[in-house]
Amino acid sequence: MKPMNEYGKGTRCIQGGWQPKNGEARVLPIYQSTTFKYESTEQMGRLFDLEENGYFYTRLQNPTNDYVAQKICDLEGGAAAMLTSSGQAANYYAVFNIASAGDHVIMSSSVYGGTFNLLTVTMKRMGIECTVIDPDCSPEELDAVFKENTKCVLAESIANPALVVLDFDKFVSAAHAHGVPMIVDNTFPTPINCRPFEYGVDIVTHSTTKYMDGHAMAVGGCIVDSGNFDWTKYPDKFPGLCYPDDSYHGVTYTERFGKAAFITKATAQLMRDLGSIQSPQNAFLLNVGLETLHLRVPRHCENAQKVAEFLENHPKVKWVEYPGLKSSKYYERAQKYMPNGTCGVISFAVNGDKQDTVRFMDQLDLAAIVTHVADARTCVLHPASHTHRQMNEQQLAEAGVDPGMIRLSVGIEDVEDIIADLSQALDIV
Ligand SMILES: *Cc1c(COP(=O)(O)O)cnc(C)c1O
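Please read these numbers as outputs of a predicted model, since none were measured by experiment.

A short note on the nonpolar core
Consideration 1: Formed by 129 residues in total, the largest nonpolar core has its most connected members in Met182, Leu311, Ile346, Phe348 and Phe360.
Consideration 2: Counting residues per element, this core draws most heavily on helix α13 (residues 293–312), which supplies eight residues.
Consideration 3: Residue contacts for Phe348: discarding those within four places in its chain leaves Leu311, Val317, Trp319, Val320, Phe360, Gly404, Met405, Ile406 and Leu408.

As structure tokens, then:
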């Protein structure tokens, strides 16, 4: 077979990762084993020292997981990738791999509530300071928040749930001008609609729980490294990558692993010590989901476009935000960075107060109230009372979350049925 990167995205979704040799299982096997057998003490020792490639304990690496990570890596066009137990773990590891106590990071204010809390509360307790910035700030404002000890910038390609489309050029050039990598959580558009590495982003993270799995079966995450950021240009800023690691007998990740340095370090140190692995069973389910990603994502977008247009023209709807609508502030930017479509998520508010919002949601039939987004079934969520309820009024405003905002995740059912359901629920508002 040709290398996977010479095939189209659909072929990568289906045939990427596991490629069986003669007589092997057609479908990716689940390596349901915590450990792996060796015939010499010596060889096992070399594995521990990272001098030889091989599996020894599933907390570090498991073949099922690695084949799935390879598929996602191929889809993003990256150099190396790893799966994590959740999207939270992916963002945590991506940042913590290069930032320690005493360091500083910059984050877009419109990120997912869980990420916001991770960086501004939990990682702050670990001694990492985070400056939160409006993603639509001016280049000068962005430039001004960098410090001597800044280690990375984190943002979402399409923010959940504010649906802010990232100004990639502005963020990437600011990060690179200050000698730090740009990390982008690409959960919402997926590599089917947007490949951040093409816009100069260095590291991509995913909550695979969403469209990648696509069926709401398994929580999971992924980190993909483009391999393009030259850590060795700033050895004192990234000592963990550029200087010997005492916990691995003096391995220097950039020297030994080149473009795989970031992922190898995250696996060898963070996975070893913190252990947020994805279970091979879940990786198997994720792989099944990935096999139809290229079919599902366009259908989500097509349905969402029609639903957004319906809502926009409905007299009982106060406002609608969908980057595929011409009225959206982000329409032009979405056309630039994701011309084939954005995602299936719409945010909107109905006329009236919070009570009207709740009545509308409770009246829905087909669209279920769930703490989830981006799966095959249409669902709704009220961020102010669910995902973002730990935020105060000011933080909600900064994250672009109106207390009346409804996040509607348009599924891949028949769009007429989705619209009919919304229509009957709007009738009672
Ligand atoms: C859901 C989500 C996360 C967190 O992922 P989990 O898999 O729930 O841990 C992170 N980022 C974005 C954009 C998300 O939508």
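Looking at the sheet that holds strand β7 (residues 221–225)
Consideration 1: Read across the open sheet, the seven strands follow the order β1-β7-β6-β5-β4-β2-β3; overall the sheet is mixed. Looking along the sheet, the strands with just one partner apiece sit at the ends: β1 (80–84) and β3 (129–133). Direction aside, the axes of adjacent strands within the sheet are offset by 20° on average.
Consideration 2: In this sheet, β7 lies alongside strand β6 (residues 203–207) in antiparallel orientation, the contact comprising five bridges. For Thr205, the partnering residue across the bridge sits in β7 and is Ile223.
Consideration 3: Relative to β1, helix α3 (residues 63–76) is tilted by about 125°, and along the sheet it contacts β1, β6 and β7.
Consideration 4: The strands touched by helix α7 (residues 168–177) within the sheet are β4 (150–156) and β5 (182–185), with β5 carrying the most contacts at an inclination of about 145°.

Remarks on the layout of surface pockets
Consideration 1: Here the largest pocket is characterised by a volume of approximately 740 Å³.
Consideration 2: Mapped onto the lining of the largest pocket, the elements with two or more residues apiece are α3, β1, α10 (253–257) and α11 (261–274).
Consideration 3: Per-element accounting of the lining of the largest pocket gives the leading share, seven residues, to α3.
Consideration 4: Residues that form the lining of the largest pocket fall into these classes: 20 nonpolar, nine polar and four charged.
Consideration 5: For the second largest pocket, the lining is made up of 21 residues, of which Tyr112, Asn160, Ser207, Thr209 and Lys210 are closest to its centre.
Consideration 6: A total of three residues in the lining of the second largest pocket trace back to one element, the largest contributor, which is helix α4 (residues 87–96).

Re the packing of aromatic side chains
Consideration 1: The tally for this structure, following the rule as stated, stands at 15 aromatic pairs.
Consideration 2: Centre to centre, the rings of Phe229 and Trp231 are 4.7 Å apart; their planes meet at 55°, and the pair counts as tilted. By the burial criterion, Phe229 is buried, and Trp231 matches it.
Consideration 3: With centroids separated by 5.0 Å and ring planes inclined at 80°, the aromatic side chains of Trp231 and Phe238 adopt a geometry described as edge-to-face. Both residues of the pair, Trp231 and Phe238, count as buried.

Details of the site of the ligand
Consideration 1: Around the ligand sit 16 residues, and of these Asn160, Asp185, Ser207, Thr209 and Lys210 come closest.
Consideration 2: Within the side chain of Asn160, one N or O atom sits 2.8 Å away from an oxygen atom of the ligand.
Consideration 3: Side-chain polar atom of Lys210 to an oxygen atom of the ligand: 2.6 Å apart, as the coordinates give it.
Consideration 4: Protein burial of the ligand: of its 380 Å² of free accessible surface, 92% is covered by the chains.

Here's the deal with the environment of Cys242
Consideration 1: Looking at the secondary structure, you find Cys242 in helix α9 (residues 239–242).
Consideration 2: As for Cys242 and Ala261, which are separated by 19 residues in sequence, their C-alpha atoms are 9.2 Å apart.
Consideration 3: Excluding residues within four positions of it along the chain, Cys242 makes contact with Trp231, Thr232, Pro235, Thr252 and Thr254.

Comments concerning helix α17 (residues 415–427)
Consideration 1: With 13 residues, α17 should reach 18 Å at 1.5 Å per residue; the first-to-last C-alpha distance of 18 Å fits that figure.
Consideration 2: Within α17, burial applies to Val415, Ile418, Asp421, Leu422, Ala425 and Leu426. Down the axis of α17, the sector holding all buried residues measures 130°, keeping them to one side. Among the exposed residues of α17, those pointing more than 90 degrees away from its buried face are Glu416 and Asp427.
Consideration 3: At its buried positions, α17 is contacted by α13, β8 (317–321), β9 (345–350), α15 (354–363) and β12 (406–409).

Description of the pairing of β5
Consideration 1: Residues Met182 and Val184 line one face of β5 and the alternating positions Ile183 and Asp185 line the opposite face, and both faces are buried.
Consideration 2: Two elements, β4 and β5, share four bridges in a ladder whose sense is parallel. Residue pairing across strands places Leu154 opposite Ile183, the latter belonging to β5.
Consideration 3: Taking the sense of rotation as the criterion, the β-α-β connection linking β4, α7 and β5 turns out right-handed.
Consideration 4: Taken together, the three bridges between β5 and β6 define a ladder with parallel strand orientation. Bridged to Asp185 within β6 is Thr205.

Thresholds, definitions, all that
Residues numbered from 1 in each chain as written. Predicted model: local features only at pLDDT ≥ 70, side-chain atom pairs only at ≥ 80, totals over all residues. Heavy atoms only, no water. Core = buried A, V, L, I, M, F, W, Y, C linked by side-chain atoms within 4.5 Å. Buried < 20%, exposed > 50% of the residue type's maximum accessible area, 1.4 Å probe, protein only. Helix = DSSP H or I, 4+ residues; strand = E, 2+ residues; numbered from the N terminus. Contact = heavy atoms within 4.5 Å. Pairing = 2+ DSSP bridges. Axes fitted to C-alpha atoms, helices over the stretch in contact; angles between N-to-C directions. 1 Å grid on protein atoms, 1.4 Å probe; cavity = no way out; pocket = protein on both sides within 12 Å on 5 of 7 lines; lining within 4 Å. Points joined across faces, edges and corners; volume = space filled by probe spheres on them. Nonpolar A, V, L, I, M, F, W, Y, C, P; charged D, E, K, R; others polar. Phe/Tyr/Trp six-rings, centres within 6.5 Å; stacked < 30°, edge-to-face > 60°. Near = heavy atom within 4 Å. Polar contact = N/O pair within 3.5 Å; in protein donor to acceptor, adjacent residues only side chain to side chain. Areas by Shrake-Rupley, 256 points an atom, 1.4 Å probe, with all protein chains shown as cover. Expected span 1.5 Å × (residues − 1). Arc of directions from axis to C-beta. Right-handed = clockwise from strand over helix to strand, strands pointing away.

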